[in-house]
Amino acid sequence: MNSRILSAVLRARPAAVRRVAAPSLSAVRYASSDAHGQESFEAFSQRYVAFFEGAQDLFEVQRGLNNCFAYDLVPSPGVIEAALRAARRVNDYATAVRIFEGVKEKVENKQQYQAYLDELKSVREELGIDTKEELYSS
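Residues numbered from 1 in each chain as written. Predicted model: local features only at pLDDT ≥ 70, side-chain atom pairs only at ≥ 80, totals over all residues. Heavy atoms only, no water.

Per an unreviewed UniProt entry, the protein carries the name Cytochrome c oxidase subunit 6, mitochondrial and comes from Pisolithus tinctorius Marx 270. Under the heading Pathway (unreviewed entry), UniProt records this for the protein: "Energy metabolism; oxidative phosphorylation." Its UniProt record gives the protein the following Subunit (unreviewed entry) comment, quoted word for word: "Component of the cytochrome c oxidase (complex IV, CIV), a multisubunit enzyme composed of a catalytic core of 3 subunits and several supernumerary subunits." (UniProt positions renumbered as here; feature names shortened; annotations may be inferred.)

1. Quick notes on the overall build of the protein
Counting its regular elements, the protein contains nine helices and two strands. Taken from the N to the C terminus, the helices and strands of the protein come in the order α-α-β-β-α-α-α-α-α-α-α. Out of the 138 residues in the protein, the part that is buried amounts to 39%. Long-range pairs, those at least 24 residues apart, make up 61% of the contacts in the protein with a sequence separation of at least 6. About 8,100 Å² of surface is accessible on the protein, with carbon and sulfur atoms providing 50% of the total. (Helix = DSSP H or I, 4+ residues; strand = E, 2+ residues; numbered from the N terminus. Buried < 20%, exposed > 50% of the residue type's maximum accessible area, 1.4 Å probe, protein only. Contact = heavy atoms within 4.5 Å. Areas by Shrake-Rupley, 256 points an atom, 1.4 Å probe, with all protein chains shown as cover.)

2. Some details on the side chain of D92
With respect to the helices and strands, D92 occurs in the loop between α5 (77-89) and α6 (93-106). One buried charge, D92, has no salt-bridge partner; the nearest side chain with opposite charge is R88, at 7.9 Å. When neighbours within four sequence positions are excluded, D92 is seen to be in contact with L58, Q62 and A87. (Lys, Arg positive; Asp, Glu negative; His and termini not counted. Salt bridge = Lys/Arg side-chain N within 4 Å of Asp/Glu carboxyl O.)

3. Let's talk about the nonpolar core
If you look at the biggest cluster of nonpolar residues, it comprises 32 residues, and the most contacted ones within it are F52, I80 and L84. Secondary-structure elements contributing two or more residues to this core are α3 (41-54), α4 (58-70), α5, α6, α7 (110-119) and α8 (121-127). Examining the composition of this core, we find that seven residues originate from one element, α5, more than from any other. Those residues in contact with L84 that lie beyond four places of it in its chain are A96, I99, F100, V123, L127 and I129. (Core = buried A, V, L, I, M, F, W, Y, C linked by side-chain atoms within 4.5 Å.)

This is how it looks when you write it as structure tokens:
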């Protein structure tokens, strides 16, 4: 159920774009290029999960993060998990911490950010990743 609530929250941001662009479409993301056409949130998530699972070096991981966070939506927890695992696989702890900073900037409020932290708590513990707030709390 927690996953359904988070999914509903994640779809709240692209809704504003849909209302302006095409009110009859649901969960559709528009891009400036037609390379992916009209892509649903689920297809977007699957594409980036697959991308991060195949990323072999730091450049690829950071390029993927840059592209993923450039869209007007918050990536799903599955995408964030795949990105975290990719960052740790290429042995870059700083990028793993920065992923959470990116999520914090993309969400609309503290409750959404906390929902991401709660959803990804087991992954954070498994990979040994702290948030910036945890690293710099005195």
